[in-house]
Amino acid sequence: MANRDQVNVGVIGATGYGGAELVRLLLGHPHARLTYVTSETYAGKPISDALPHLRGFTDLTLESYDPARAVEGRDVLFLAWQPGRAMDAAPALLDAGVRLVDLSADFRLKSAALYEATYKRPHASPQLLAEAVYGIPELWGDAMPTARLIACPGCYPTAALFALAPLLAHRLVDPADLIVNAASGVSGAGRSKFELGFHFPEMEGNYRPYNVTAHRHRPEMEQQMALLSGDSTSVVFAPHLAPMVRGILCTAYAKRTRALSVEAAQDLYRDFYADKPFIQVLPYGEYPATKAVTGTNMAHVSVVVDEPTGRVIAMCAIDNVVRGTSGEAVQSMNRMLGFPDTAGLSLPGPYP
């Protein structure tokens, strides 16, 4: 598809947290015309019935997913399903000439065997894994203009990769000795998660680890960090749930492989992210905070060096629903179609 000023887009699975945020962002996008939204739960109803904050902004009606209807006049489809559905639907949609941005985990891992081991199901379209482009434009955006399929990253890997990418790319730390400690707001579990542990009385005033050593994002982190470092990578990953709706705060620890002062680390990060408008390297002594990035596609990053242990400590804060999901998807579409990365994403978030 040739680049042009306006494109028609659709959101498949528009009423989950990721899909809802996609709709909000796309409604304000200067080059995207949202013409198709689906939901099996709310099919046939105005989207504002499911998402009241959109009342007065759009009169779109939610539809049941129909592959023939989905491709009618559409240039790009965002697939905001739970893992397992996109890999079934993608081949026919791609054959129809539509380009895809998948928010699920179906195309993030390059190995079908690793996907099956991680998600406990065989991959239905392993032939597409090699061509799917990992959806962080700041790191892998050069491959996006020719891509048919973009695999949006998980929210934890996004934060961890921004924290560690400069060190790994310059081989200043040992990729086999990485520790990632990160906390997420409860929205990261999705809108349909009704387990007791996500119930408001259980989470208010509470902070707890979960899925330590067994989180599905760990293989994804290791895969992409190995690409950056050029060597095999091992990550100890400890995710936590924090008593907040949105946000991820990641603190990563890496062992230096050669001398690196805090001044040199600061310069490295500023140079690495110099032309990346959504990544802000904080001055020395300032640390990322989730409140500062809420509602935005920004990533706030800082780095320090702990001389007694020889470790570099890198930190990153993002909004898991925007930068960690939907904003990253819109930014990837922008890069895919030749629009500015910032199109539809340039506003700061609310405060407080």
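All of the points below concern the structure found in this document.

Cut-offs applied
- Residues numbered from 1 in each chain as written.
- Predicted model: local features only at pLDDT ≥ 70, side-chain atom pairs only at ≥ 80, totals over all residues.
- Heavy atoms only, no water.
- Buried < 20%, exposed > 50% of the residue type's maximum accessible area, 1.4 Å probe, protein only.
- Helix = DSSP H or I, 4+ residues; strand = E, 2+ residues; numbered from the N terminus.
- Pairing = 2+ DSSP bridges.
- Arc of directions from axis to C-beta.
- Contact = heavy atoms within 4.5 Å.
- Phe/Tyr/Trp six-rings, centres within 6.5 Å; stacked < 30°, edge-to-face > 60°.

Points about the pairing of strand β12 (residues 299–306)
Consideration 1: Where burial is concerned, most of β12 is hidden: seven out of the eight residues are buried.
Consideration 2: Relative to strand β13 (residues 311–318), β12 runs antiparallel, the two being bridged by eight bridges. From the neighbouring strand, D306 faces β13, where its bridge partner is R311.
Consideration 3: Connecting β12 to the next strand, β13, in antiparallel fashion are four residues, including G310 with a positive phi near 70 degrees.

Looking at helix α4 (residues 86–95)
Consideration 1: Burial in α4 covers these residues: A86, M87, A89, A90, L93 and L94. For α4, the angular spread of the buried residues around the axis is 150 degrees, confining them to a single face. Of the exposed residues in α4, the ones pointing more than 90 degrees away from its buried face are D88, A92 and D95.
Consideration 2: Where α4 is buried, its residues touch α3 (67–70), β3 (76–79), β4 (99–102) and α5 (112–119).
Consideration 3: Directly beyond the C-terminal end of α4, a positive phi value near 95 degrees is found at G97.

A short note on the packing of aromatic side chains
Consideration 1: Under the defined criterion, the tally for this structure stands at seven aromatic pairs.
Consideration 2: Ring centres of Y115 and Y119 lie 5.0 Å apart, and the angle between their planes is 25 degrees; on these two criteria the pair is classed as stacked. One end of the pair is Y115 and the other is Y119, both in helix α5 and four residues apart, which spans about a single turn.
Consideration 3: By relative accessible area, which is 5% here, Y119 ends up buried.
Consideration 4: Linked through ring pairs, F162, Y269, F272 and Y273 together constitute an aromatic cluster.

Everything listed here is a matter of geometry and, on its own, says nothing about what the molecule does.
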